[in-house]
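Remarks on the overall topology
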Amino acid sequence: MTATGTARAADPVRGTLDKAAGENFPVAPFFLPRAWRDDLMAVYGFARLVDDIGDGDLAPGGGDARLLGVAGEEAEDRLVLLDALEADLRRVFDATPRHPLLRRLQPTVRRRSLTPGPFLGLIAANRQDQLVKRYETYDDLLAYCELSANPVGRLVLAVTGTSTPERIRRSDAICTALQIVEHLQDVAEDLARDRVYLPVEDMKRFHVQEADLALPTAGASVRALIAYEAQRARGLLHDGAPLVGSVQGRLRLLLAGFVAGGRAALRAIAAADYDVLPGPPKPGKVRLLREVGPTLRGEG
């Protein structure tokens, strides 16, 4: 076990929260009010725990399973762990949760009057990951993003007290776009987990076989497919971008960062000539900063 793994095993909570530094987008950047940062980190802790269970990336030693009341062989069963997490989530709203990350979440839920729906959506998405490995149509993929990505944006709006039906619609478009971008960056990694998030109908349209996705570099058909899906994500970002101009102050900067991050990632994918198979094309900080200004001005 590495030193990092040992530290996580000793303190699953700290190990989970420390992952925030490695995320594509800042989870709770320094320029936000302290109260917002604390609450966003509490939400992040829950979302990261759900994903770690779904991906089998929990701290070594089974500490999280024990905290959720799961022992023995069941501690290796992701669906059992997700069921236990859902039971503990429900305690956040009417009792005392077992897991310290959910105990950390409870004051945020009460302070911000958060509802169970978005949290349950994240659990449902990870359940789906255990059962559904391929998506036949683009609409099927969008339905998955409704569970896996859109709740995050809704929680950000709820924590900051800025939710309206129109803002939620715009936020959903941004979050779905960011999820699709992440899938495009991680085609090879996802395939290694026996997951493919490129719609089957689109793969057929571009004459792409799964074996093509396992190659060291992408051929012309794969690159054409990735370009097509990237254009869809670009359109979703364009649809969601007016959300930035609908808010003020530091929240506007935070949301601009999300949109700019998606646009910069799409530029990185395009700069790689849509060959995502050698590894995820990711933008540098300079490229990201260049996207923030136009996004704040409502351009692009």
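The text that follows walks through the structure, step by step, so that each part is easy to find. (Residues numbered from 1 in each chain as written. Predicted model: local features only at pLDDT ≥ 70, side-chain atom pairs only at ≥ 80, totals over all residues. Heavy atoms only, no water.)

Some thoughts on the overall build of the protein chain
Inclusion rule: Secondary structure follows DSSP: runs of H or I at least 4 residues long count as helices, runs of E at least 2 residues long count as strands, and numbering of each begins at the N terminus. To sort residues, take the accessible area from a 1.4 Å probe on protein chains only and compare it with the maximum for the residue type: under 20% means buried, over 50% means exposed, and anything in between is partly exposed. By the convention used here, residues are in contact when the closest approach between their heavy atoms is within 4.5 Å. His is not counted, nor are the chain ends; Lys and Arg add positive charge and Asp and Glu add negative charge. In plain terms, the charge of a residue is placed at NZ if it is Lys, CZ if Arg, CG if Asp and CD if Glu.
For the protein chain, the helix and strand inventory stands at 17 helices and 0 strands. Referenced to the eigenvectors of the C-alpha coordinate spread, the extents of the protein chain come out at roughly 55 × 45 × 35 Å. When burial is assessed residue by residue, the protein chain has 48% of its 300 residues classed as buried. Looking at the protein chain alone, contacts between residues at least 24 apart form 68% of all its contacts between residues at least 6 apart. Across the protein chain, the 39 positively charged side chains and the 40 negatively charged ones have centroids separated by 8 Å.

Observations concerning empty space enclosed by the protein
How we decide: Using a grid of 1 Å spacing that covers the protein atoms alone, one calls a set of points a cavity when a 1.4 Å probe fits there but cannot get out, and a pocket when the set is open and has protein on both sides within 12 Å along at least five of seven lines; lining residues are those with an atom within 4 Å of a point. Grid points are joined across faces, edges and corners, and a volume is the space filled by probe spheres set on the points. Three categories are distinguished: nonpolar for Ala, Val, Leu, Ile, Met, Phe, Trp, Tyr, Cys and Pro, charged for Asp, Glu, Lys and Arg, and polar for the others, with Gly belonging to the last.
Taken as a whole and judged by the stated rule, the model has 3 cavities of 30 Å³ or more. Taken as a whole, the second largest cavity encloses approximately 50 Å³ of empty space. Across the lining of the second largest cavity, the residue classes tally to 5 nonpolar, 1 polar and 2 charged.

Section: the packing of helix α5 (residues 78–94) against helix α7 (residues 116–131)
Stated formally: Axis definition: a line fitted to C-alpha atoms, limited for helices to the stretch in contact. Angles are taken between N-to-C directions and run from 0 to 180 degrees. When describing relative orientation, an angle under 35 degrees is termed roughly parallel and one over 145 degrees roughly antiparallel, while 65 to 115 degrees is termed roughly perpendicular and anything else oblique.
In the contact formed by α5 and α7, the axes pass within 10 Å of each other and the chain directions differ by 175 degrees. The orientation of α5 with respect to α7, classified from their angle, is roughly antiparallel. Residue-level inspection shows Arg78, Leu79, Leu82, Asp83, Leu85, Glu86, Leu89, Arg90 and Phe93 of α5 in contact with α7, the latter providing Pro116, Phe119, Leu120, Ile123, Asn126, Arg127, Gln130 and Leu131.

Observations regarding the nonpolar core
Here is the rule we go by: The criterion is simple. A nonpolar core is a set of buried Ala, Val, Leu, Ile, Met, Phe, Trp, Tyr and Cys residues joined through side-chain atoms within 4.5 Å.
Counting 82 residues, the largest nonpolar core has Phe46, Leu85, Leu198, Leu213 and Ile226 as its most contacted members. For this core, the leading source of residues is helix α3 (residues 34–55), giving 11 residues. Residues contacting Leu198, with those up to four places away along its chain left out, are Tyr135, Leu184, Val187, Met203, Leu213, Leu225, Ile226 and Glu229.

Remarks on the side chain of Asp202
Take Asp202: it is sitting in helix α12 (residues 200–205). A relative accessible area of 3% places Asp202 in the buried class.

Concerning the pattern of salt bridges
The condition is simple: The salt bridge definition used is simple: a Lys or Arg side-chain nitrogen within 4 Å of an Asp or Glu carboxyl oxygen.
What the rule picks out here adds up to 26 salt bridges. Between Glu229 and Arg232 there is a salt bridge; the shortest N-O distance is 3.4 Å. Of the two residues, Glu229 and Arg232 are both situated in helix α14 (residues 220–240); the distance of 3 residues between them amounts to about one turn of the helix. In this structure, Glu291 engages Arg267 in a salt bridge whose closest nitrogen and oxygen atoms are separated by 2.3 Å. On the criterion of sequence distance, the pair formed by Glu291 in helix α17 (residues 285–296) and Arg267 in helix α16 (residues 249–271) is long-range, its members being 24 residues apart.

Regarding the packing of aromatic side chains
Rules: Centres within 6.5 Å make a pair out of two Phe, Tyr or Trp rings, where for Trp the six-membered ring is used; the pair is then stacked when the planes are under 30 degrees apart, edge-to-face when over 60, and tilted otherwise. Only lysine NZ and arginine CZ atoms are considered, and such an atom sits over a ring when it is within 6 Å of the ring centre and within 35 degrees of the ring normal.
Across all of its chains, the model carries 7 aromatic pairs by this definition. Each ring, one from Phe30 and one from Phe31, has its centre 5.7 Å from the other, and the planes form 80 degrees; the classification is edge-to-face. You can call Phe31 partly exposed: its relative accessible area is 22%. Aromatic rings pair up to connect Phe46, Phe93 and Phe119 into one cluster. A cation over an aromatic ring shows up here: Arg205 above the ring of Tyr228, its NZ or CZ 4.7 Å from the ring centre. The aromatic ring of Tyr138 is capped on one face by Arg232, whose charged end is 3.7 Å from the ring centroid.

Concerning α5
Operational definition: Residue count minus one, scaled by 1.5 Å, sets the expected span of a helix. By the criterion applied in these results, polar contacts are pairs of N or O atoms within 3.5 Å in which, for protein atoms, one can donate a hydrogen and the other can accept it, and in which residues neighboring in sequence qualify only through two side-chain atoms.
Counted at 1.5 Å a residue, the expected span for α5 with its 17 residues is 24 Å, and the 25 Å between its end C-alpha atoms agrees. For α5, the N-terminal cap is Asp77; the gap from its side-chain oxygen to the backbone nitrogen of Leu79 is 3.0 Å.

Some remarks on α7
In this model, α7 (16 residues) spans 23 Å end to end at C-alpha, consistent with the 22 Å of a helix rising 1.5 Å per residue. For α7, the complete set of buried residues consists of Pro118, Phe119, Gly121, Leu122, Ile123, Ala125, Asn126, Asp129 and Gln130. In the core, the buried residues of α7 are packed alongside α3, α5, α6 (100–112), α8 (138–148) and α9 (150–159).

Describing the environment of Asp202
It is 7.2 Å that separates the C-alpha atoms of Asp202 and Leu225, two residues lying 23 residues apart in sequence. Apart from residues lying up to four places away in sequence, Asp202 is in contact with Leu225, Tyr228, Glu229 and Arg232. Side-chain polar atoms of Asp202 contact the side chain of Arg232, separated by 2.7 Å.

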